[in-house]
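Fold and geometry: a report
Listed below are the residues making up each chain.
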Amino acid sequence: MKTSVISMEESLAKLETFKKEVMQEYQAPKDLSTEQVLEIFRKMALIREFDSRVKALWKQNYIYGLAHAYLGAEAVGVGACAALRKGDYITSTHRGHGHVISMGGDVNKMMSELMGKADGYCKGKGGSMHIASVDDGMLGATGIVGSGMPIAVGAALTASVKKKGYVTICFHGDGGTNQGVWHESINLAAAWKLPVIFLCENNQWAIAMHYDDATGNPTVADRAIGYGIPGVTVDGFNPFAVYEAVRDAVKRARAGEGPSLIEARYYRYIGHFVADDERYRDKSSNDPWAEEMDPIKRMRAYLINSGTADEEEVEAIYQSATDEVEASIEHAKNAPEPTEDTLWEGLYSPEFMNNFGGK
Amino acid sequence: MSNRTITIKKAINEAHHEEFARDESVIIMGCDVGIRGNPFGVTAGLYNAFGPDRVRDTPISEAAIVGACLGAAITGLRPIGEVLYSDWITIPMDQIVNQIAKIRYMFGGKIKVPLVIRAPVGAGGGQAAQHSQSFEAWFSHVPGLQVVMPITPYDAKGLLKTAIRGNDPVLFFEHKRGYEITGEVPENDFTVPFGEAVVRRKGDDVTIVAVSIMVHRALKAAEELSTLGIECEVIDPRTIYPFDYDTVMESLRKTHRLIVTHEATRRSGIGAEIVSQVVERGFAELDEKPMIVAGLNVAMPYNHILESMVIPNEGNIKQTVLQMMDRA
Amino acid sequence: MATFFSMPKLGMNMVEGHIVGWLVKEGDQVNAGDPILEIETDKATNEVESPATGILAKIIHDVGDDVPCNGVLAVILDEGEKMPSSIPEMIGEDIAPKAAVTSAISDAGKQKKASSSQKDTRIRVSPSAKKMAKELGVDLDTVSAAGSQIKRNDVQRAYDAMQKAKNNTAPSGVNAKAYIGMRKLTGDAMAASASTSARVPLFVEANAEGLIKQRESLSNENEKISYNVLLAKIVSQALREFPYMNTQLAGDQIWEFKSIHIGIAVDSENGLFVPVLKDVDKKDILTLNNEFSTVAARALNGKATSSDLNGGTFTITNLGAQEVESFVPIINLPECAILGVGAIMQKAAVVNGKLIPQNRIGLTLVFDHRIVDGAPAAKFLQRIKHLVEDLDK
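Residues numbered from 1 in each chain as written. Chains lettered and ligands numbered in written order. Predicted model: local features only at pLDDT ≥ 70, side-chain atom pairs only at ≥ 80, totals over all residues.

Our focus in this paragraph is the overall build of chain A. Counting its regular elements, chain A contains 14 helices and seven strands. For chain A, the proportion of contacts with a sequence separation of at least 24, taken over those separated by at least 6, is 75%. (Helix = DSSP H or I, 4+ residues; strand = E, 2+ residues; numbered from the N terminus. Contact = placed C-beta atoms within 7 Å.)

Structural data, given as structure tokens:
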């Protein structure tokens, strides 16, 4: 009787396949300066530290409700957003913390929001699952799988109609690829040649279902053919691989050539959400992935081995991330709760609330 | 400033043209809204006047259309999304209920969502079960949305303009079998505010709150009842949320009798909410128990005789008034 | 064919029956008409017969169950017939109570009410009518409903009637005054008495010389004794001797009072008052006269207390001051009788065969023949006459 959806053998087999077919050697592309490379590492470290602490804080009930960690996925968000410039947009999934940081967000505001405090990004109204740093171009996390897809298309539509020249990355997961709206959105964007990049963060797991069991063809990028757009699979544990693919897609989009589909494949070797005890799978089957593919580990090794930075520098960067997160926790713990009269704020525009009360 | 008599269809068309000309951010997308000018002709001429960038024909992808309206709205456009039959609003329900209605709130109030979804409602003519529904009750139930149901050309034009110019999402439910209703509309630019009902006919004996097409049926019933010495006060709320209860209560304090009528299904329809609100606000004004005249609790049948049993008509309204006044 | 044996309706008001005993068991053969069940309704036990012949294949409700009328109790099948896949709970129409019915529910603890479409018997007034009545000062108890519920129209009707009563328009050539207040109270009371009591007047004339002397001897310059007080004293003595005149008709009883309280009618600008002298038989005349003056004064000033005006067992009314010889007053209900006193007049009297001028007084006793008959009443009046005339000895 099967109690685990994956066995150690199966996991190892998948790892082997991944290493053979998807994994790419870390190599910083020529168009990235050392500073930019180090900044990529810093952001990845920040995500790693932030979401590790989020797990602990959730267990202590400082953070409550639902929270989904971006651990192991750092390379995807950071690598992709490194190819964007100010004015570009992204839409997110339920795993939004990494996206906020990738777009240059403020961990103080994010930690406050996760603790529901009044000075959080969403004034305590959204929490982890609806975190949004709109001013940084991050159009919000969502709890509905795939729901960011058409919103990204709409953002790209504005760019097209107003000739604004910005692009939109639509982050979504393997789970989202089987929602009807995934198809509708890519199809529409392709038909209208909108400047949007559909980036599938394929961590191979939709909670307890492995992608191989969820679809006939588990290579997401293959679907691009159906829409007449370019599609590529890259190593999601490798920020440079992701960066390069997104950079090229952004170029195409800005040139008016329409959307692209990028599959950044990695592996979710943590629970789905911070309190997921992963009963559906043999937890130890995650270990080989964590061991060999952990992007922080790989990045550290690369920076030192490539001579980009020495060990001290690397540790200093990592430590700065740790400190920043520590400070954000202190900050958020001391931040005030929203007052009761703010319950009704933000449901409608201020003029509506003035006219109608909105209750 | 002169008035002309035009149809609701023409009024809606004019609103589009005028708002498109007034603000470059206004765009529209939906099936066949562009070159064909919408199957009913409602968006005729827009494509030629404003071009394919702003007047977009779409594939049959309501979820993408509505979701894209949201994405466009929060990044600087003022989109109008058309779902040709309100029955198909079920497909983009997630975008409307979980995204559009809530995104401003969830994100702390920062962004604005200036979008309009037009989704014509209305039964009759053998359109059958999947093309005859009206879901104002569903959307009135979702905080963050507004629901608008005009049934005169003046209101259709004025309310659509207000919807387009506002910064909050609006569901605009015109009646697809009411497009030929005529009425006076000024030539100049004007808007109609939300949350203001209109007393279409004054009377002392009973207050009839009528939604959409039922306004016209209630007026017909009122004419017949007048010959029997019963005078009905017919109120057209025009917007379902925000809803103008003050006008209804003022009327009730005069008549002490309430009937609510809508074409949508009786069970858990908007009539239930209106009655409960009125009872809460003015129980002591009621001399009779309030009644609702609405569609029967059944899927709309194709056959025309059966269909006419389901759709509430002026006879049903008249009968209910007579019963209420012990003159049945 | 399967027969569903159901709870019968054994009476107009029966709503449910209580199963007391099965006379057969599952699997038994039953014949149409055989008693197979005992039920209790309204404290009576009834046998219920089988509606069909066959096998009592399944018992659904057992001893102790309360089952509404038409509720299925058991299934009777033909030999070899299969149990139907679904057994209804009720057969035919639900017998829902159309109005509140309390009989036939044997055990108050077990409440198995069938669902009913009850009329709004609890809401006898519409909310708006209730508010309207309050605003207009209409007593809802006086409002009758045209339909099943008091509506605004009903309240309006009641109000209009109220107003009309206040504002009756008189024909021209007439000064109208409202028939309200004291006038109405007195008038309605008089009419009621006159139309209710079996009133019979008895007339005597008495020698009043002694009365006049008594009055003179007891009066002084400052205080004149009232004839009414003197007469009240005499009447109180007579009432002691004839207690059946100190009575009241109270529904289906006649009450004979132990105390003697005599009311004396007093005319005033504000109307007719009857201040009551308490325990007349126990007090002397001077005391009584003082009391009378005090109470009468209060009454005339409109300051009479409830005690002043209530509790009388007999009434005296005197129109002698207006030279009225005799009159037939209306009984002050619920008292048994009233004494009407006329003027003291010089008249021709025959005393010891001789015609002499004499001061005489006319006394009319009107009594309620429901309480007492003519002869006994006459005896009482005769005694009064003698007591009056005894004063002249």
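Read on for the rest.
With that settled, the discussion passes to the overall build of chain C. The helix and strand inventory of chain C stands at eight helices and 18 strands. For chain C, buried positions account for 31% of its 393 residues. Expressed as a percentage of contacts within chain C between residues at least 6 apart in sequence, the contacts between residues at least 24 apart total 60%. (Buried ≥ 20, exposed ≤ 12 C-beta atoms within 10 Å, placed from the backbone.)

Attention now goes to the sheet that holds strand β1 (residues 89-91) of chain A. All names here are of chain A. Reading across the sheet, the five strands line up as β1-β2-β3-β7-β6 and stay open at both edges, with parallel pairing between neighbours. Whereas interior strands pair on both sides, the edge strands pair on one side only; in this sheet they are β1 and β6 (231-235). Within the sheet, the average angular offset between the axes of one strand and its neighbour, ignoring direction, is 20°. Judged from the six bridges that link them, strand β3 (residues 196-202) and strand β7 (residues 260-265) form a sheet pairing that is parallel. Considered in β7, the bridge of F198 is made with L261. (Pairing = 2+ DSSP bridges. Axes fitted to C-alpha atoms, helices over the stretch in contact; angles between N-to-C directions.)

Residue and element names in this part refer to chain B. Their axes nearest at 8 Å, the elements helix α8 (residues 214-226) and helix α12 (residues 314-324) cross at an angle of 50°. What the angle tells us is that α8 and α12 run oblique. The handedness of the crossing between α8 and α12 comes out as right-handed. Between α8 and α12, the contacting residues are R217, A218, K220, A221, E224 and L225 on the first element and E314, I317, K318 and V321 on the second. (Parallel < 35°, antiparallel > 145°, perpendicular 65-115°, else oblique. Left-handed = near helix turned anticlockwise from the far one by under 90°.)

Below, the discussion takes up the nonpolar core. One finds A:V153, A:V196, A:I197, A:L199 and A:V246 to be the most contacted residues of the largest nonpolar core, which totals 208 residues. Three or more residues apiece are contributed to this core by two domains, here domain 1 (3-186) and domain 2 (198-323) of chain B. (Core = buried A, V, L, I, M, F, W, Y, C linked by C-beta atoms within 7 Å. Domains from an automatic or database assignment.)

Another aspect to go through is the interface of chain C and chain B. Contacts between the two partners involve eight residues from chain C, matched on the other side by eight residues from chain B. The element that contributes the greatest number of residues to the side of chain C that touches chain B is helix α1 (residues 127-136) of chain C, accounting for four residues.

On to the interface of chain A and chain B, then. Between chain A and chain B, the contact holds 40 residues from the first and 38 residues from the second. Every element with two or more residues in the side of chain A that touches chain B is listed here: α6 (148-161), α7 (180-192) and α14 (350-356) of chain A. Considering every element that reaches the side of chain A that touches chain B, the biggest residue donor is α6(A), with ten residues. Split by residue class, the side of chain A that touches chain B holds 22 nonpolar, 13 polar and five charged. (Nonpolar A, V, L, I, M, F, W, Y, C, P; charged D, E, K, R; others polar.)

Residue B:P242 follows B:Y241 across a cis peptide bond; omega there is -5°. Of note, the bond from C:L333 into C:P334 is cis; its omega dihedral lies within 30 degrees of zero at 10°. With respect to the secondary-structure elements, C:P334 resides in the loop between β16 (314-318) and β17 (337-351). In this model, B:N38 sits at a positive phi of 75°, which is unusual for a non-glycine residue. A tally of 23 C-beta atoms within 10 Å means that B:N38 is categorised as buried. Phi at C:E323 is positive, roughly 65°, even though this residue is not glycine. Position of C:E323 relative to the elements: it lies in the loop between β16 and β17.

Attention now moves to the packing of α7(A) against helix α3 (residues 62-73) of chain B. Contact geometry for α7(A) and α3(B): axes closest at 8 Å, N-to-C directions at 70°. Here α3(B) runs roughly perpendicular to α7(A), going by the angle between their axes. The handedness of the crossing between α7(A) and α3(B) is right-handed. Of the residues in α3(B), those touching α7(A) at A:G180, A:V181, A:E184, A:S185 and A:L188 are B:A63, B:A64, B:G67 and B:A68.

All names here are of chain C. Every buried residue belonging to α1 is among S128, A129, K131, M132 and A133, and all of these are buried. Those residues of α1 hidden inside the fold are in contact with α2 (152-166). Just downstream of α1 lies G137, where phi reads positive at about 75°.

To continue, consider the confidence of the model for chain C. Detailed reading of predicted coordinates is not advised where the pLDDT is low. Residues and elements named next belong to chain C. Looking at chain C as a whole, its pLDDT mean stands at 86, while 89% of the residues score no less than 70. Under a pLDDT of 50 for its full length, residues 93-121 has, in the predicted model, 42 contacts with residues more than four places off or in other chains. We note a pTM of 0.66 for the whole complex and an ipTM of 0.83 for its interfaces. (pLDDT = per-residue confidence, 0-100.)

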